[in-house]
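# Structural characterization, general
Take a look at the letters that make up each chain.
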Amino acid sequence: MSRVTLSSCPPVTYLENTLKAKIVLLPGDGIGPEVVNEAVRVLDVIAQQGGHTFEYETHLLGGCSIDAHGSSLTDKTLKACQQSNAVLLGAVGGPRWDDPKAKDRPERGLLALRKGLQVFANLRPVKVHPALIDASPLKPEKLRGVDIIVVRELTGGLYFGAKKRESFGGHERAIDTLEYQDYEVQRVVELAFRLAATRRKKVTSVDKANVLESSRLWRQIATCLGEQHNDFTLEHMLVDTAAMRLVTNPAAFDVLVTENMFGDILTDEASVLAGSMGMLPSASLGNGGPGLYEPIHGSAPDIAGKGSANPIGTILSAALLLRYSLKLEPEAQAIEKAVDAVITDGCRTADLGGSLKTTQMTDEIIKRIS
Ligand code: IPM
Ligand code: MG
């Protein structure tokens, strides 16, 4: 079974202390273009301050690509992404492409992109800023000290197993398959341990081993890796229990690693802890290829074009891009500190009960990047 390293891309060129990198932008649909624009403004400030060169190339993905090219992900877009150092994505989807009978859907493009980049681990950090404790419906005492990274397996499981639709005995039958191979589990759980090593050294592996065979394999492999990391705490938790604990005792989690669909559901739930989905970034990493960075929120068609979306999830995704793909840790931290500071200083977009527009929030963040 192969070993895992965090994403880093060979073609980044370093010149003394500066670097030149190619970043593909996939703004997508709805509020996607608005928030990606803001993240680029922040990246430009970082580039200027550090003497780095970021070359951007913009491509279509999702509904806009269906409209323009008849496909949610074209070969050209996938190739451009594969040949980049990192990909920054806004969001895909919208009611206009929601016909269940349509041959292609915006989400299909996103899944094909994840698969095509082989980004098998989706990191979703969830932190609660003290100034946003009241923005969450949970009691303040539950929220203090929450600092979780969910590692969601991203290229296997129910999302990618064989699917079938057929007429059977006068009825319509639909089949989805939940399938995992040992190496797919091993590489993502290993990555969870690697992340936990830089944190509180606690890994919670979430499964449904009391029912699902794929979960029994998952647990077996996690247990085996746990034995190789005996200075770590490894706990196994059933997904239904995990869903409950995320709201009853969220501060107890450090790194949570789980199957694709469980991770999709649990991270929407966990986003409630942070006060707004608009705050949360994600990084999807593979084994050395370009990483894919996107906010966890969707395309929010109801507010698209109004300039009122919260850009923080995408700006923090750009910080993760600097950290994991370009190895620019101080620059990543500069963005994260500036975001912390704007929240402390009371800057709020509409999702957080405020009135700042998307670009004004970015202006405030840029002012605080030192
Ligand atoms: C996410 C989204 C996607 C997913 C959709 C848009 C296909 O919900 O990134 O969490 O289910 O992975
Ligand atoms: Mg989701």
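### Regarding the overall build of the chain
Helix and strand counts for the chain stand at twelve helices and 13 strands. Referenced to the eigenvectors of the C-alpha coordinate spread, the extents of the chain come out at roughly 60 × 50 × 45 Å. Counting across all 370 residues of the chain, residues that qualify as buried make up 54%. Long-range pairs, those at least 24 residues apart, make up 76% of the contacts in the chain with a sequence separation of at least 6. A total accessible area of about 16100 Å² is found for the chain, and carbon and sulfur atoms account for 52% of it. Within the chain, the 45 negative side-chain charges are centred at a point lying 1 Å from the centre of the 41 positive side-chain charges.

### Here's the deal with the nonpolar core
Of all hydrophobic cores here, the largest spans 87 residues; its most connected members are F54, L123, V151 and L322. Ignoring sequence-local partners within four residues, the contact set of L123 consists of I149, V150, V151, L191, L195, P281, S282, A283, L285 and Y324. If you look at the next biggest cluster of nonpolar residues, it comprises 16 residues, including L73, A80, L117 and L292.

### Remarks on the confidence of the model for the chain
Confidence in the prediction for the chain averages 95 pLDDT; 96% of positions are at 70 or higher. Between residues 1-10, whose pLDDT stays under 50, and residues either more than four places distant or in other chains, the model counts 45 contacts.

### Structural notes on the pairing of strand 11 (residues 255-258)
Both faces of strand 11 are covered, namely the face carrying V255 and V257 and the face carrying L256 and T258. Direction of pairing for strand 6 (residues 147-153) relative to strand 11: parallel, over a ladder of four bridges. In the sheet register, I149 faces strand 11, and the bridge partner there is V255. In terms of strand pairing, strand 9 (residues 202-207) meets strand 11 through four bridges, oriented parallel. Across the sheet, residue V206 finds its bridge partner in strand 11, namely T258.

### Considering the pattern of salt bridges
It is possible for side chains bearing opposite charge to pair when their charged atoms get close. Scanning the model with the defined rule gives 27 salt bridges in all. The residue R199 makes a salt bridge to D147 at a minimum N-O spacing of 3.4 Å. Note that R199 is positioned in the loop between helix 6 (182-197) and strand 9 and D147 in strand 6, a separation of 52 residues in sequence. Exposure remark for R199: the relative accessible area of 25% places this residue in the partly exposed category. Where salt bridges share partners, they join D147, R199, R200 and D254 into one cluster.

### Observations regarding the site of ligand 1
Around ligand 1, the neighbouring residues are E107, R114, R124, R152, Y159 and D264. R124 is positioned with one of its side-chain polar atoms (N or O) 3.0 Å from an oxygen atom of ligand 1. Take D264: an N or O atom from its side chain is 2.8 Å from an oxygen atom of ligand 1. In isolation ligand 1 offers 320 Å² of accessible surface; the protein chains occlude 76% of this area.

### Let's talk about helix 1 (residues 32-50)
In this model, helix 1 (19 residues) spans 27 Å end to end at C-alpha, consistent with the 27 Å of a helix rising 1.5 Å per residue. Of all the positions in helix 1, only G32, E34, V35, V36, E38, A39, V40, V42, L43, V45, I46 and A47 are classed as buried. The inward-facing, buried residues of helix 1 abut strand 2 (18-28), strand 3 (53-58), strand 4 (86-91), helix 10 (312-324), helix 11 (329-344) and helix 12 (358-367). Positive phi appears at G51, one or two residues downstream of helix 1, with a value of about 75°.

The rules behind these values
- Residues numbered from 1 in each chain as written.
- Chains lettered and ligands numbered in written order.
- Predicted model: local features only at pLDDT ≥ 70, side-chain atom pairs only at ≥ 80, totals over all residues.
- Heavy atoms only, no water.
- Helix = DSSP H or I, 4+ residues; strand = E, 2+ residues; numbered from the N terminus.
- Buried < 20%, exposed > 50% of the residue type's maximum accessible area, 1.4 Å probe, protein only.
- Contact = heavy atoms within 4.5 Å.
- Areas by Shrake-Rupley, 256 points an atom, 1.4 Å probe, with all protein chains shown as cover.
- Lys, Arg positive; Asp, Glu negative; His and termini not counted.
- Charge placed at Lys NZ, Arg CZ, Asp CG, Glu CD.
- Core = buried A, V, L, I, M, F, W, Y, C linked by side-chain atoms within 4.5 Å.
- pLDDT = per-residue confidence, 0-100.
- Pairing = 2+ DSSP bridges.
- Salt bridge = Lys/Arg side-chain N within 4 Å of Asp/Glu carboxyl O.
- Near = heavy atom within 4 Å.
- Polar contact = N/O pair within 3.5 Å; in protein donor to acceptor, adjacent residues only side chain to side chain.
- Expected span 1.5 Å × (residues − 1).

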